[in-house]
Amino acid sequence: MGELSKYIRSESVELNRSAIHFADYNPRKLSEESRKTLKRGIKKFGLVGGVVVNKRTGLTIVSGHQRLTVMDELQKYNPDTKENDYKIRVDVIDVDTQQEKELNILMNNPNAQGTWDYDKMRELIPDIDYKDAGLTEADLNMIGVDFLLQTEQENNLASALDDLMQPVEEEKA
């Protein structure tokens, strides 16, 4: 297959969580609702996608702050006492502080990310649990999907229940 692309500039390694520290300048924040969504995803799928740390600044997190805070919670890790320390796989880079800060912003910047193709999203939604994909009912409305998607069997049951709930008309004699 050949050699590794010249654009791969990180090395995947396993480190103790206690060796890694958060960037105090990190401008990203996470709402409680978003945290719950992320936690649900990590519990179902595991930690996928790299946490990036910078070797030159003492293993400062460049990308992955929110995922790591959720992992800490799941692992019951105490950053003060280092209790419940755990191993984690990270991508290590070696850049100066300015580049670290630029990467921190770039890796979470909506301007560097794509947008949804709503037609393709509408095709995907019936095949997945939208909540496990981190979507909300509001997202589905925006995409143009009826979030009350049901199977034919569920629809038949709902219809039968509706029929049972109709008031009984008395026959006129």
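The paragraphs below set out a description of the structure included in this document. None of these values were measured; they are calculated from a predicted model.

1. Focus: the overall build of the protein chain
Part 1 of the reasoning: Helices and strands together make up the secondary structure of the protein chain, namely six helices and four strands.
Part 2 of the reasoning: Beginning at the N terminus, the succession of helices and strands in the protein chain can be written as β-α-β-β-α-β-α-α-α-α.
Part 3 of the reasoning: The 173 residues of the protein chain split such that 25% are buried.
Part 4 of the reasoning: Long-range contacts, defined here as pairs at least 24 residues apart, represent 71% of the contacts in the protein chain between residues at least 6 apart.
Part 5 of the reasoning: Carbon and sulfur atoms form 50% of the exposed surface of the protein chain, whose accessible area is close to 13100 Å².

2. Section: the environment of serine 31
Part 1 of the reasoning: As for its placement among the helices and strands, serine 31 is situated in the loop between strand E1 (11-16) and helix H1 (32-45).
Part 2 of the reasoning: Take serine 31: its relative accessible area is 39%, and that puts it in the partly exposed class.
Part 3 of the reasoning: Within the structure, serine 31 has its side chain in polar contact with the side chain of serine 34 (distance 3.0 Å).

3. Looking at a nonpolar patch on the surface
Part 1 of the reasoning: Taken together, the side chains of Trp116, Tyr118 and Met142 define a hydrophobic patch exposed on the protein surface, amounting to about 360 Å² of accessible area.
Part 2 of the reasoning: Secondary-structure assignment places tyrosine 118 in helix H4 (residues 118-124).
Part 3 of the reasoning: Tyrosine 118 sits in the partly exposed class, given a relative accessible area of 31%.

4. A look at unusual backbone geometry
One can expect most non-glycine residues to show negative phi and most peptide bonds to be in trans.
Part 1 of the reasoning: The residue lysine 76 is not glycine, and still its phi comes out positive at about 60°.
Part 2 of the reasoning: Residues other than glycine seldom take positive phi values, yet lysine 82 does so here, at roughly 65°.
Part 3 of the reasoning: As for its placement among the helices and strands, lysine 82 is situated in the loop between helix H2 (65-75) and strand E4 (87-93).

5. Some points on the side chain of asparagine 54
Part 1 of the reasoning: As for its placement among the helices and strands, asparagine 54 is situated in strand E2 (residues 51-54).
Part 2 of the reasoning: Leave out the neighbours within four places in its chain, and asparagine 54 touches Leu59, Thr60, Val62, Ile93, Asp94, Val95, Asp96 and Glu100.

6. A word on H2
Part 1 of the reasoning: Among all positions in H2, only His65, Gln66, Arg67, Leu68, Val70, Met71 and Asp72 are buried.
Part 2 of the reasoning: Residues of H2 that are buried make contact with H1, E2, strand E3 (60-63), E4 and helix H3 (97-106).
Part 3 of the reasoning: At the C-terminal side of H2, lysine 76 shows a positive phi close to 60°.

7. Side note on the pairing of E4
Part 1 of the reasoning: Here E4 lies mainly inside the structure; five of its seven residues are buried.
Part 2 of the reasoning: Here E1 pairs with E4 via six bridges, running antiparallel. Counterpart to valine 13 in the pairing with E4 is valine 90.
Part 3 of the reasoning: Where E2 lies against E4, four bridges are found, and the strand directions are parallel. Among the inter-strand pairings, valine 53 is bridged to a residue of E4, identified as valine 92.

Reading the values: rules and limits
- Within each chain, residues carry numbers counting from 1 in the order of the written sequence.
- In view of the model being predicted, local features appear only for residues whose pLDDT reaches at least 70, and side-chain atom pairs are presented and counted only at 80 or more, with totals across whole chains, interfaces and linings using the full set of residues.
- Processing note: side-chain calculations cover all non-hydrogen atoms of the structure and skip hydrogens and water entirely.
- Here a strand is any run of E in DSSP of at least two residues, a helix any run of H or I of at least four, and the numbering for each starts at the N terminus.
- Think of it in three bands: residues with accessible area under 20% of the maximum for their type are buried, residues over 50% are exposed, and the middle band is partly exposed, with areas taken using a 1.4 Å probe on protein chains only.
- In this description, contact between two residues means that some pair of their heavy atoms is separated by no more than 4.5 Å.
- To be clear on the numbers: accessible area is Shrake-Rupley with a 1.4 Å probe, and residue cover counts the displayed protein chains and nothing else.
- Two N or O atoms count as a polar contact when they lie within 3.5 Å, although within protein this holds only if one can serve as hydrogen donor and the other as acceptor, and sequence-adjacent residues are included solely when both atoms are side-chain atoms.
- To count toward a patch, a residue needs a relative accessible area over 30% and no salt bridge; like charges are then connected within 9 Å, while nonpolar side chains (Val, Leu, Ile, Met, Phe, Trp, Tyr) are connected within 5 Å.
- Salt bridges are defined by distance alone: a side-chain nitrogen of Lys or Arg within 4 Å of a carboxyl oxygen of Asp or Glu.
- Two strands pair if DSSP finds at least two bridges between them.

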